[in-house]
Amino acid sequence: MSSLQSPTVPAQPLVVEPGSFLTLHYRMAAPGGASIINTFEGKPATLSLGNGELSPAIELRLLGLPEGTRTTFQLAAGEAFGERNPELVQWVARKLLNELGDPDERYNVGDVVQFPTPDGMRQYAGAVQQVKEDGTAVQFDFNHPLAGQPVEFEVHVIGVL
């Protein structure tokens, strides 16, 4: 008596879909190629598509990529993180900064400072642009550092759930 075996059908790779849970390496670079974020040199990132961990434009580019894909794509100026908004450059009184944080904190141009949202549940960041000479206020830029700039995004989709 011989036994019949079913032929093995190779499994189709999973593809990135809305809501997919991903394990991936990625590198985001500014104009000129300087890496802003690069996970290729360490542990891969894990994230859930649609939770705002990546910009919607980047998530859109990931949709449909099969597990195992390694690719690079370019996003036009402003596509990844929006255009720069001049209204997001604001002066913050030192008195308020003292209430929100350490009254002895020194602010220098280029520092990135975390601020609580009004509900206290999340945070957002602002980069110090200038400090008034008399120390009474600090100007912050609350735009994303890559707002208004083209972005290069390299990704290796390791796993899709």
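That block above? That's the structure.
The sections below set out a description of the structure shown in this document.

### Let's talk about the overall build of the protein
On a plain count of helices and strands, the protein comes out with two helices and nine strands. Overall, the protein shows an N-to-C arrangement of helices and strands of β-β-β-α-β-β-α-β-β-β-β. A globule of 161 residues ought to have a C-alpha radius of gyration of about 15 Å, yet the protein, at 22 Å, is considerably larger. By its C-alpha atoms, the protein is 95 × 35 × 25 Å across when sized along the principal axes. Within the protein, the fraction of its 161 residues that count as buried is 32%.

### Considering the sheet that holds strand S8 (residues 137–141)
Strand order in the open sheet formed by four strands is S5-S8-S7-S6, with antiparallel pairing between adjacent strands. Lying at the two open borders of the sheet, with one neighbouring strand each, are strand S5 (89–93) and strand S6 (112–116). Between one strand axis and the next, the sheet turns by 45 degrees as a mean value, whatever way the strands run. Pairing geometry for S6 and strand S7 (residues 123–131), over five bridges, is antiparallel.

### Concerning the packing of aromatic side chains
Scanning all chains against the criterion turns up eight aromatic pairs. Ring geometry for Tyr107 against Phe140: centres 6.2 Å apart, planes inclined by 80 degrees, an arrangement best described as edge-to-face. Of this pair, Tyr107 sits in the loop between helix H2 (94–100) and S6 while Phe140 sits in strand S8; the two residues are 33 residues apart in sequence, bridging distant segments of the chain. In this structure Phe140 comes out as buried when scored by relative accessible area, which is 0%. The interplanar angle of 70 degrees and the centroid separation of 5.4 Å between the aromatic rings of Phe115 and Phe142 together place this pair among those described as edge-to-face. Linking Phe115 in strand S6 with Phe142 in the loop between S8 and strand S9 (151–160), this pair joins segments that are 27 residues apart in sequence. The exposure classification of Phe115 matches that of Phe142, with both residues buried. Here the guanidinium or amino end of Lys132 rests over the ring plane of Trp91, the centre of that ring lying 5.4 Å away.

### Digging into the pattern of salt bridges
Overall, the coordinates contain five salt bridges when judged by the stated rule. With a shortest N-O distance of 3.0 Å, Glu79 and Arg61 are connected by a salt bridge. Residue Glu79 is located in the loop between strand S4 (70–75) and S5, and its partner Arg61 is located in helix H1 (residues 56–62); the two are separated by 18 residues in the primary sequence. In this structure Arg61 comes out as partly exposed when scored by relative accessible area, which is 31%.

Cut-offs used in this document
- Residues numbered from 1 in each chain as written.
- Predicted model: local features only at pLDDT ≥ 70, side-chain atom pairs only at ≥ 80, totals over all residues.
- Heavy atoms only, no water.
- Helix = DSSP H or I, 4+ residues; strand = E, 2+ residues; numbered from the N terminus.
- Rg over C-alpha atoms; globule rule 2.2 N^0.38 Å.
- Buried < 20%, exposed > 50% of the residue type's maximum accessible area, 1.4 Å probe, protein only.
- Pairing = 2+ DSSP bridges.
- Axes fitted to C-alpha atoms, helices over the stretch in contact; angles between N-to-C directions.
- Phe/Tyr/Trp six-rings, centres within 6.5 Å; stacked < 30°, edge-to-face > 60°.
- Lys NZ or Arg CZ within 6 Å of the ring centre and 35° of its normal.
- Salt bridge = Lys/Arg side-chain N within 4 Å of Asp/Glu carboxyl O.

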